2 protein chains.
Amino acid sequence: MRPLFHPAIEDVRPEAILHALADPARAAIFARIATAGCVEACTVLSTVGDRVIPKSSLSSHFKVLREAGLIRSERRGVEMRNESRCAEVDARFPGLLAAIMSAYAVRSDPAA
Amino acid sequence: MRPLFHPAIEDVRPEAILHALADPARAAIFARIATAGCVEACTVLSTVGDRVIPKSSLSSHFKVLREAGLIRSERRGVEMRNESRCAEVDARFPGLLAAIMSAYAVRSDPAA
DNA sequence: ATCGTTAGTTCCGAAGTTCCGAACTATGGG
DNA sequence: CCCATAGTTCGGAACTTCGGAACTAACGAT
């Protein structure tokens, strides 16, 4: 298993963030990591909404989020700890994550 | 030639906007339409940075922006007028476009 | 009217990306 | 040591993107 790659915050590119969050499943995973105490293992969230996501797909979603600079992942024994890099990303691209997350919230809002 | 499709603002989905703007070339085209008096024809901007974009690719970039709800295009004789739908999009997803555009500006900022 | 020019679209093949099941690797417990 | 669990990698099918060539549509000049 190759080591986990995390870009330095100054190497994080906006197109990678937009690409990562342009997938609603990935955006939902990220939202859960960002809100749920900033730590969540992989198979804890093997469903998004009512949709089951296969392990291999989940693994690559995490990889995309990690390589976009949105989360930091660490192997802890047999499982993985993921925490969001919201604070760092927000310092570099102020307001970006908040605006994206609230855009998704608008869409799922029945009043919208 | 089939007619140009524009989604109603309430049908605009955040993932479509993120996907459209996740491509730096498309984001640059959109930025030019949004800032340059909100009207710009296609071949006026056949280059992005120092990169030449073929007509067929340009045409599909415009289509992606249009169908994401970011621009409104109208055939005016032999050419096309494009105007941004910033105001509508901003009313639905407040701050989203501004945050994305300033994220790209950070990236191209030599001090970043 | 018809020709030429300019603006943009469509078609289609090549190249690249995404999805997901199956096989694999790594860690920890009994 | 063997098993179970957590996650990764592989590989093929389905989908997307890119760009050149052929096409269409509008306008002006003759």
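Refer to the preceding data block for the structure.
Presented here is an overview of the structure given in this document.

What counts, and where the lines are drawn
Residues numbered from 1 in each chain as written. Chains lettered and ligands numbered in written order. Predicted model: local features only at pLDDT ≥ 70, side-chain atom pairs only at ≥ 80, totals over all residues. Heavy atoms only, no water. Salt bridge = Lys/Arg side-chain N within 4 Å of Asp/Glu carboxyl O. Axes fitted to C-alpha atoms, helices over the stretch in contact; angles between N-to-C directions. Helix = DSSP H or I, 4+ residues; strand = E, 2+ residues; numbered from the N terminus. Left-handed = near helix turned anticlockwise from the far one by under 90°. Contact = heavy atoms within 4.5 Å. Nonpolar A, V, L, I, M, F, W, Y, C, P; charged D, E, K, R; others polar. Core = buried A, V, L, I, M, F, W, Y, C linked by side-chain atoms within 4.5 Å. Buried < 20%, exposed > 50% of the residue type's maximum accessible area, 1.4 Å probe, protein only. Buried area = accessible area lost by both parts, 1.4 Å probe. Polar contact = N/O pair within 3.5 Å; in protein donor to acceptor, adjacent residues only side chain to side chain. Least-squares fit on C-alpha atoms with pLDDT ≥ 70 in both.

### Considerations on the pattern of salt bridges
Residue and element names in this part refer to chain A.
Working step 1: Throughout the structure, instances matching the rule amount to 7 salt bridges over all chains.
Working step 2: The shortest N-O distance in the salt bridge between Arg13 and Glu15 comes to 3.6 Å.
Working step 3: When salt bridges with common partners are traced through the structure, they connect Arg72, Arg85 and Glu88 into a single cluster.

### Here we look at the packing of helix α5 (residues 96–107) of chain A against helix α5 (residues 96–107) of chain B
Think of two packed helices as two axes; the pair is described by the angle between the axes and how far apart they sit.
Working step 1: Running from N to C, α5 of chain A and α5 of chain B point in directions that differ by 145 degrees, and their axes come no closer than 9 Å. As α5 of chain A runs across α5 of chain B, the sense of the crossing is left-handed. Contacts between α5 of chain A and α5 of chain B involve Leu96, Ala99, Ile100 and Ala103 of chain A on the former and, on the latter, Leu96, Ala99, Ile100 and Ala103 of chain B.
Working step 2: When the residues that make up the contact of α5 of chain A with α5 of chain B are grouped by side-chain class, the tally is 8 nonpolar, no polar and no charged.

### Focus: the nonpolar core
Working step 1: Counting 58 residues, the largest nonpolar core has Leu21 and Leu70 of chain A together with Leu21 and Leu70 of chain B as its most contacted members.
Working step 2: Contributing elements (two or more residues each) for this core: α1 (14–21), α2 (24–35), α3 (55–67) and α5 of chain A together with α1 (14–21), α2 (24–35), α3 (55–67) and α5 of chain B.
Working step 3: Examining the composition of this core, we find that 7 residues originate from one element, α5 of chain B, more than from any other.
Working step 4: With near-sequence residues (within four places) excluded, Leu21 of chain B lies in contact with Leu18 of chain A together with Ala27, Phe30, Leu65, Leu70, Leu97, Ile100, Met101 and Tyr104 of chain B.

### Section: the interface of chain A and chain B
Working step 1: Of the residues lining the interface, 20 residues belong to chain A; the matching set on chain B comes to 20 residues.
Working step 2: Buried surface at the junction of chain A and chain B, both sides included, amounts to about 1,700 Å², of which 75% is carbon and sulfur.
Working step 3: Among the residues of chain A in contact with chain B, Glu15, Leu18 and Arg107 of chain A are the three that bury the most area, contributing 29% of the side total.
Working step 4: Taken together, the connections running from chain A to chain B amount to 0 salt bridges.
Working step 5: Summed over the shared surface of chain A and chain B, the result is 0 residue pairs in polar contact (both at pLDDT 80 or more).
Working step 6: Every element with two or more residues in the side of chain A that touches chain B is listed here: α1 and α5 of chain A.
Working step 7: Among the elements that make up the side of chain A that touches chain B, the one with the highest residue count is α5 of chain A (7 residues).
Working step 8: Looking at the side of chain A that touches chain B residue by residue, the class counts come to 14 nonpolar, 2 polar and 4 charged.

### Some words on the relation of the copies chain A and chain B
Working step 1: In screw terms, the move from chain A to chain B is a rotation of 180 degrees and a rise of 0.0 Å along the axis, fitting with an RMSD of 0.1 Å. One copy is carried onto the other by what is essentially a two-fold rotation axis. Considering only C-alpha atoms, the part of chain A nearest the rotation axis is Leu18 of chain A, at 2.7 Å.
Working step 2: Of the interface residues in chain A, 100% have counterparts in chain B that sit at the interface too, so the contact is made through matching surfaces.

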